[in-house]
Amino acid sequence: MTKTVFEPDMDDVATAPDDAAARRAVAPVICYPNDSLPSADLTLYHQARKSAVKTDEVLVPARDAACFEVPAGHFFRISSVDGPQVGDLNLWNRDDLSERFYSGKTRALHGTHITTGERMWTSFPQLRPMATITHDTLGWYGIDQYGGSVHDVIGTRCDPYTGNLLAGSQYHHCCHSNLTRALADHQGVSLAKAEPHVHDVLNVFMCTGFTRDTGQYFMKASPVRPGDYLEFFAEIDLLGALSACPGGDCSAEHSSDTAACHPLLVEVYAPAADALEGWVRPQLNGYDGSHGR
Ligand SMILES: [Zn+2]
């Protein structure tokens, strides 16, 4: 019988060239050397934090999300209060939701996980620091034997669409849905209006990495314990939304009601009026926007 379907010989595509070993042996170069990034003045921030007083707090219920506002120049702290729990954090410019956290560029600039002194950067065209991490009680964790670390900017957020794709489920308390409801309620808009503003998150306290053999995204039980916290300095006026992930400590599964889940506490602190002398709000990105025309 004659073959009527064209079938390319895929084996040819995967045949290694003679110099494969030499090509693999080429040393990597860092895509974005970050020594020229405007650095955070942690000494100033830490000094200012000493005078700060708490102005607000929000308890984010387990398997749900809540919004909070942080004026520029204030601090906010996310704490584990009850038991090991990870949080999915979205941040926006409070006055312009189109300027929001840019997980991919933050990853390109700082790496897969972020800690003290590193920043959350905003989307184009602003591309500027929106929040700086000033304290991380899990800073001791480093990178473990599996290549895992905490506070990642490599995950997206658990969502009902992927759950449906993989398991045909209709689960409504994934972080994506939690963030959507919280934002809709805070802004007084419909779920349909709020949903497009929800974006890839900072996975607070979550311990993740990529497997070395297959390159797959993995999670493991978070090392976070009650009393641990991650604290930020708000570089611009912020609207935040935090979801206490249905995965709990993400040791087993998410996108269901199976895991033990706990609330997360968000606290906002205002430093004394003169404590930030020398700090300037980040300017908009300097690119002229003409794109060559
Ligand atoms: Zn989640």
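Everything below is about the structure printed above this text.
Residues numbered from 1 in each chain as written. Predicted model: local features only at pLDDT ≥ 70, side-chain atom pairs only at ≥ 80, totals over all residues. Heavy atoms only, no water.

### Concerning the pattern of salt bridges
Moving on, step 1. Applying the stated criterion across every chain yields a total of 14 salt bridges.
Moving on, step 2. Across the pair R23 and D19 runs a salt bridge whose closest N-O atoms are separated by 2.9 Å.
Moving on, step 3. Residue D19 is classed as partly exposed on the basis of its relative accessible area, which comes to 35%. (Salt bridge = Lys/Arg side-chain N within 4 Å of Asp/Glu carboxyl O. Buried < 20%, exposed > 50% of the residue type's maximum accessible area, 1.4 Å probe, protein only.)

### What about the nonpolar core?
Moving on, step 1. Membership of the largest hydrophobic core comes to 42 residues, with the highest contact counts inside it found for F76, L89, M120, L202 and F232.
Moving on, step 2. Here this core gets 5 residues from one element, more than from any other, and that element is strand β9 (residues 202–210).
Moving on, step 3. Other than its neighbours up to four places away in sequence, F76 contacts F68, V70, L89, L91, L230, E231, F232, L238, E267 and V268. (Core = buried A, V, L, I, M, F, W, Y, C linked by side-chain atoms within 4.5 Å. Helix = DSSP H or I, 4+ residues; strand = E, 2+ residues; numbered from the N terminus. Contact = heavy atoms within 4.5 Å.)

### Looking at the pairing of strand β3 (residues 75–80)
Moving on, step 1. Across the 6 residues that make up β3, a large majority, 6, are buried.
Moving on, step 2. Bridge count for β3 against strand β11 (residues 229–234) is 5 bridges, and the pairing is antiparallel. Opposite F76, over in β11, you have F232 as the bridge partner.
Moving on, step 3. By the bridge criterion, 6 bridges tie β3 to strand β13 (residues 264–270) in an arrangement that is antiparallel. (Pairing = 2+ DSSP bridges.)

### So, the environment of T134
Moving on, step 1. Here T134 shows up in strand β7 (residues 129–136).
Moving on, step 2. Spatially, the C-alpha atoms of T134 and D41 are 9.7 Å apart, while their sequence positions differ by 93 residues.
Moving on, step 3. In this view, T134 contacts L42, Y45, H46, F75, T116, E231, F232 and F233; residues no more than four positions away in its chain are not counted.

### Description of unusual backbone geometry
Moving on, step 1. A cis amide bond links F124 with the next residue in sequence, P125, at an omega value of 0 degrees.
Moving on, step 2. Tracing the backbone shows P125 in the loop between β6 (119–121) and β7.
Moving on, step 3. For R63, which is not glycine, the phi torsion reads 55 degrees and is therefore positive.
Moving on, step 4. Counting through the fold element by element, R63 comes out in the loop between β1 (53–60) and β2 (65–70).
Moving on, step 5. Its identity as a non-glycine residue notwithstanding, L127 has a phi of 30 degrees, on the positive side.
Moving on, step 6. The residue L127 is located in the loop between β6 and β7 in this model.

### Re the sheet that holds β6
Moving on, step 1. Across the sheet, 6 strands lie side by side as β1-β13-β3-β11-β7-β6; this open sheet has antiparallel pairing. Single-partner strands in this sheet number two, and they are β1 and β6. Sheet twist, expressed as the average angle between the axes of neighbouring strands with direction ignored, equals 25 degrees.
Moving on, step 2. In the packing of helix α3 (residues 42–50) onto the sheet, the strands contacted are β3, β6, β7, β11 and β13, and the crossing angle to β7 comes to about 70 degrees. (Axes fitted to C-alpha atoms, helices over the stretch in contact; angles between N-to-C directions.)

### Concerning the side chain of H113
Moving on, step 1. Along the chain, H113 turns up in the loop between α4 (103–110) and β6.
Moving on, step 2. At a separation of 3.0 Å, a polar atom in the side chain of H113 contacts the side chain of T208.
Moving on, step 3. Those residues in contact with H113, other than ones at most four positions away along the chain, are E118, S149, V150, H151, D152, V153, I154 and T208. (Polar contact = N/O pair within 3.5 Å; in protein donor to acceptor, adjacent residues only side chain to side chain.)

### Details of the coordination of the zinc ion
The expected angle between donors at a tetrahedral four-coordinate metal is 109.5 degrees. At an octahedral six-coordinate metal it is 90 or 180 degrees.
Moving on, step 1. On the protein side, the zinc ion has C158 (SG), C175 (SG) and C245 (SG) as donor atoms, found 2.2 to 2.3 Å from it.
Moving on, step 2. If you list the donors of the zinc ion from N- to C-terminus, the spacing comes out as C-x16-C-x69-C. Taken together, the residues C175 in helix α6 (residues 175–187) and C245 in the loop between β12 (238–244) and β13 connect sequence positions 70 residues apart.
Moving on, step 3. For C175, a relative accessible area of 0% puts it in the buried group. (Donors = N, O, S within 2.8 Å, 3.2 Å for Na, K, Ca; no water.)

### Overview of helix α5 (residues 160–167)
Moving on, step 1. Capping the start of α5 is the job of one residue whose side-chain oxygen sits 2.9 Å from the backbone nitrogen of Y161: D159.
Moving on, step 2. In the stretch just after α5, G168 is the one whose phi turns positive, near 70 degrees.

### A look at the packing of aromatic side chains
Moving on, step 1. Evaluation of the coordinates by the stated rule reveals 8 aromatic pairs.
Moving on, step 2. On the basis of an interplanar angle of 80 degrees and a centroid distance of 5.3 Å, the ring pair of Y102 and F124 is categorised as edge-to-face. Here Y102 is found in the loop between β5 (96–100) and α4, whereas its partner F124 is found in the loop between β6 and β7, with 22 residues between them in sequence.
Moving on, step 3. Residue Y102 is classed as partly exposed on the basis of its relative accessible area of 27%.
Moving on, step 4. A ring pair is formed by F210 and Y217, whose centres lie 6.1 Å apart and whose planes are at 50 degrees; its orientation type is tilted.
Moving on, step 5. Residue Y217 is classed as partly exposed on the basis of its relative accessible area, which comes to 37%. (Phe/Tyr/Trp six-rings, centres within 6.5 Å; stacked < 30°, edge-to-face > 60°.)

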